[in-house]
Amino acid sequence: FEAPSRQRGVAIPQGISKVKFFEVLNELRYEIGEEWVELNDKELKGGWYMEHPNTHDMMNILDAEELVASAVVYPGDVEDVQKIVGWANTWRIPLFPISMGRNFGYGGAAPRVRGSVTVDLGKRMNKILSIDPDDYTCLVEPGVSYYALYEELKKRGYDHMWIDTPDLGGGSVLGNALDRGVGYTPYGDHWSVHSGLEVVLPTGEVLRTGMGALPGSNTWQTFPYGFGPYSDGIFSQSNFGIVTKMGMALMPNPGGYESFMYTFPKEEDLAPLMEIIRPLRISNILENVAQLRHCLQTIAVRGQPRSKYFSGRGPIPEEIIHEEMKKTPLGDCTWVYYGMSYGPPHIRKYKLDVVHQEFLKIPGARRIDPSTLPADEYFWSRDKIAAGIPDLEELLWVNWMPNGSHIAFSPIAPIRGIDATKLYSLARKRHDEAGIDLMPAFCVGLREMHLIVEIVFDSSDISMRRKADRCLRDMIDDAAKLGYGEYRTHLVLMDQVAGTYNWNGNALMRFNERLKDALDPNGILAPGRCGIWPERYRGRGWEI
Ligand code: FAD
């Protein structure tokens, strides 16, 4: 990434003068320690996934200086977090908490409000507090990455337990779950397998959810609900608290595993294929959050730039895609299904035989024999991820464009042919209008699927950024008209997406706003995140 230089100077939070801000920053230094408070007055650095800036989104879709932090603070413990919150309340300064800030495609480390102070929890609060080999659970702080948790299990010789990792292993186990991210083993719905949170509220009190509220309980990580209202949900995809600890279930080692891959020749195979996948997935014959990808993503993940294949205007032509596919070990196709079967060989065989019989009902479907694939084929990266082994190979498709950046359209739909077709058609139409290459992947959960359409763009190209933004906004509106909503979105699209969940006169948002105003009366915590604006900001032109 190229590092954009700064025209607008330090991003001072609104409502406070520059001089006063510098003065109160010194108060924070006094509270937390001089070396743990950094003014963001340097060039906006670029980087890559593992060495990313924590002050802004290096994959910016808006102007690079728009969503930028004024300063970063690094708390060392829960008491530090409370002090930071107290300081922010005194001076009405917006805070933006991140665990590791690798939320690429959804805003990276950037705050929603320019000039917020980023609370980078991961740098110092990065301990694995417990791993229980009998209960198959762990308790982690915000800075524990999938790599760190995986390596700790290996170090302790706990081969009977697996972690679940998203496509990239450098993210935070806690941060990803809070944003309701996904991985690719049967434990891939991260939020659903967490158990227990510790939260610093915007007013500074600390609470523990579920069984953690009962002093001396030894079931915090095994029974998520405790007694009374189940409050965990309000701390995910929200701005109601800073989470300082999270419990998580670990998966039992299934005693063997085997990845498989099928290809399907035609675009129109999508609908009948979904009808085949749904009953197999719901009955757990297809056991993991599997992926049905468009073959263009298979080409892009080889890591070569688009210009190697096509330098004309508009989306890359179908003929070129198919010519390129013919050169790959997969051969020509339109859809690629990546799946994994778990358990000892005889159990796998039973399931794999059913899958084979069902998938071959699509004319031209082919099973690709993994033994024919070279060691550097992307299939082997999916094989690792579906076995809970962190990896980074997925990053390669981001090279499709120079200054490769991406932003996602991620609607939820039932696992049905008709829904897959509607979403695919609207994405195709809007991509064609914008002249953008369409790279859809259907991630099949248990009774729903997330369609993930990644738009890869050059963040230094203003016109490309605008086209990507337009395309996304059109797709969100089109999808909402058909009854589909996003499961997660980028910072700049949060108002729009939240606005689509508007049943009964925006009843849900009014509820969220009431919670926000009660829990965060000064509106200091991540204003605008997920479209939730505190009273002090509402209706004053912050929404985009
Ligand atoms: P953070 O950035 O730390 O947290 C995410 C957000 O949660 C923050 O912005 C913040 O608003 C909130 N938050 C974080 N910590 C706290 C806290 N302690 N208290 C309160 N709020 C908090 N994601 C997936 O889920 N699955 C994938 O398969 C996947 N594939 C990807 C592939 C590529 C090529 C790329 C570039 C990205 C992919 N991502 C994927 C997106 C992203 O990289 C991961 O979700 C990543 O785990 C998120 O970053 P993080 O874990 O550092 O979380």
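What counts, and where the lines are drawn
Residues numbered from 1 in each chain as written. Predicted model: local features only at pLDDT ≥ 70, side-chain atom pairs only at ≥ 80, totals over all residues. Heavy atoms only, no water. Helix = DSSP H or I, 4+ residues; strand = E, 2+ residues; numbered from the N terminus. Rg over C-alpha atoms; globule rule 2.2 N^0.38 Å. Contact = heavy atoms within 4.5 Å. Pairing = 2+ DSSP bridges. Axes fitted to C-alpha atoms, helices over the stretch in contact; angles between N-to-C directions. Near = heavy atom within 4 Å. Polar contact = N/O pair within 3.5 Å; in protein donor to acceptor, adjacent residues only side chain to side chain. Areas by Shrake-Rupley, 256 points an atom, 1.4 Å probe, with all protein chains shown as cover. Domains from an automatic or database assignment. Buried area = accessible area lost by both parts, 1.4 Å probe. Salt bridge = Lys/Arg side-chain N within 4 Å of Asp/Glu carboxyl O. Nonpolar A, V, L, I, M, F, W, Y, C, P; charged D, E, K, R; others polar. Buried < 20%, exposed > 50% of the residue type's maximum accessible area, 1.4 Å probe, protein only. Parallel < 35°, antiparallel > 145°, perpendicular 65-115°, else oblique. Left-handed = near helix turned anticlockwise from the far one by under 90°. Phe/Tyr/Trp six-rings, centres within 6.5 Å; stacked < 30°, edge-to-face > 60°. Expected span 1.5 Å × (residues − 1).

A. Local environment of the overall build of the protein. Along the protein, the regular secondary structure elements total 13 helices and 19 strands. A globule of 544 residues ought to have a C-alpha radius of gyration of about 24 Å, and the protein, at 23 Å, matches this closely. Taken along the three principal axes of its C-alpha coordinates, the protein extends 70 × 55 × 45 Å. Taking the contacts inside the protein whose residues are at least 6 apart along the sequence as the reference set, 74% of them involve residues at least 24 apart.

B. How the structure looks around the sheet that holds strand E4 (residues 117-120). Taken in spatial order, the four strands line up as E1-E2-E4-E3 in an open sheet, and their pairing is mixed. Where the open sheet ends on each side, the last strands, each with one partner, are strand E1 (37-39) and strand E3 (95-98). Across the sheet, the axes of successive neighbouring strands diverge by a mean angle of 20°, strand direction being ignored. Summarising the sheet, strand E2 (residues 71-73) and E4 pair through three bridges and their orientation is parallel. Across the sheet, Val73 pairs through a bridge with Val119, a residue of E4. Across the sheet, helix H1 (residues 18-32) is in contact with E1, E2 and E4; its angle to E1 comes to roughly 155°. Helix H2 (residues 78-91) rests against E2, E3 and E4 of the sheet, and its axis sits at about 160° to E3.

C. Molecular detail of the site of the ligand. Taken together, the neighbourhood of the ligand is formed by 31 residues, with Ser99, Arg102, Ser172, Tyr184 and Val243 sitting nearest. Within the backbone of Arg102, one N or O atom sits 2.8 Å away from an oxygen atom of the ligand. A distance of 2.8 Å separates a nitrogen atom of the ligand from a polar atom in the backbone of Val182. In isolation the ligand exposes 960 Å². Once the protein is present, 96% of that is buried. For the shell around the ligand, the elements supplying multiple residues, two or more each, are E3, helix H4 (173-178) and strand E10 (242-249).

D. Geometry of the sheet that holds strand E5 (residues 128-132). Ordered by their spatial adjacency, five strands build an open sheet running E5-E6-E10-E8-E9, and the pairing between neighbours is antiparallel. In this open sheet, the two edge strands, each paired with only one partner strand, are E5 and strand E9 (206-208). Here the average twist between neighbouring strands, direction ignored, is 10°. Examined bridge by bridge, strand E6 (residues 137-140) and E10 share four bridges and lie antiparallel to one another. Within E10, the position partnered with Cys138 by the bridge is Met248.

E. Just the domain arrangement of the protein, in detail. According to the domain assignment, the protein consists of domain 1 (18-120), domain 2 (128-252), domain 3 (257-490) and domain 4 (501-544). Both sides together, the interface formed by domain 1 and domain 3 hides about 1,300 Å², and carbon and sulfur atoms give 63% of it. Where domain 1 packs against domain 3, one counts zero salt bridges. Counting across the domain 1 and domain 3 interface gives five residue pairs in polar contact (both at pLDDT 80 or more). Each residue belonging to the side of domain 1 that touches domain 3 can be placed in one class, and the counts come to nine nonpolar, four polar and two charged.

F. Molecular detail of unusual backbone geometry. The phi dihedral of Asn403 is positive, around 50°, even though this residue is not glycine. You can call Asn403 buried: its relative accessible area is 17%. At Cys530, a residue that is not glycine, the phi angle is positive and equals roughly 60°. Of the residues examined, Cys530 reaches a relative accessible area of 17% and is grouped as buried.

G. Representation of the packing of helix H5 (residues 270-282) against helix H10 (residues 417-434). Across the interface, H5 lies against H10 with an axial gap of 7 Å and an inter-helix angle of 140°. Here H5 is positioned oblique relative to H10, judged by the angle of their axes. Considering the relative orientation of H5 and H10, their crossing is right-handed. Between H5, through Leu270, Ala271, Met274 and Glu275, and H10, the contact on the second element is made entirely by Gly417, Ala420, Thr421 and Tyr424. Here the contact of H5 with H10 is built from residues that sort into five nonpolar, two polar and one charged.

H. Representation of the packing of aromatic side chains. Following the criterion strictly, the structure yields 19 aromatic pairs and no others. A centroid spacing of 5.3 Å and a plane angle of 65° characterise the contact between Trp335 and Tyr424, whose relative ring orientation is edge-to-face. Placement of the pair is Trp335 in strand E14 (residues 335-342) and Tyr424 in helix H10, with a sequence separation of 89 residues. There is no split in this pair, since Trp335 and Tyr424 are both buried.

I. Spatial organisation of the side chain of Glu152. Relative to the assigned elements, Glu152 resides in helix H3 (residues 146-155). Assessed through its relative accessible area of 16%, Glu152 is described here as buried. Aside from chain neighbours lying at most four places away, what touches Glu152 is Ile128 and Ile131.

J. H10, seen in detail. For H10, with 18 residues, the first-to-last C-alpha span of 26 Å sits near the 26 Å given by 1.5 Å per residue. Among the residues making up H10, those that are buried are Gly417, Asp419, Ala420, Leu423, Tyr424, Leu426, Ala427, Arg428, Arg430, His431 and Ala434. Phi for Gly435, located one or two positions after H10, is positive at around 70°.

K. Layout of the pairing of E6. Side chains Thr137 and Leu139 project from E6 onto one buried face, and the interleaved Cys138 and Val140 project onto a second face that is buried too. Across four bridges, E5 lies against E6 in antiparallel orientation. Across the sheet, Asp132 pairs through a bridge with Thr137, a residue of E6. The hairpin turn running from E5 into E6, its antiparallel successor, is four residues long, and Tyr136 in that turn takes a positive phi close to 60°.

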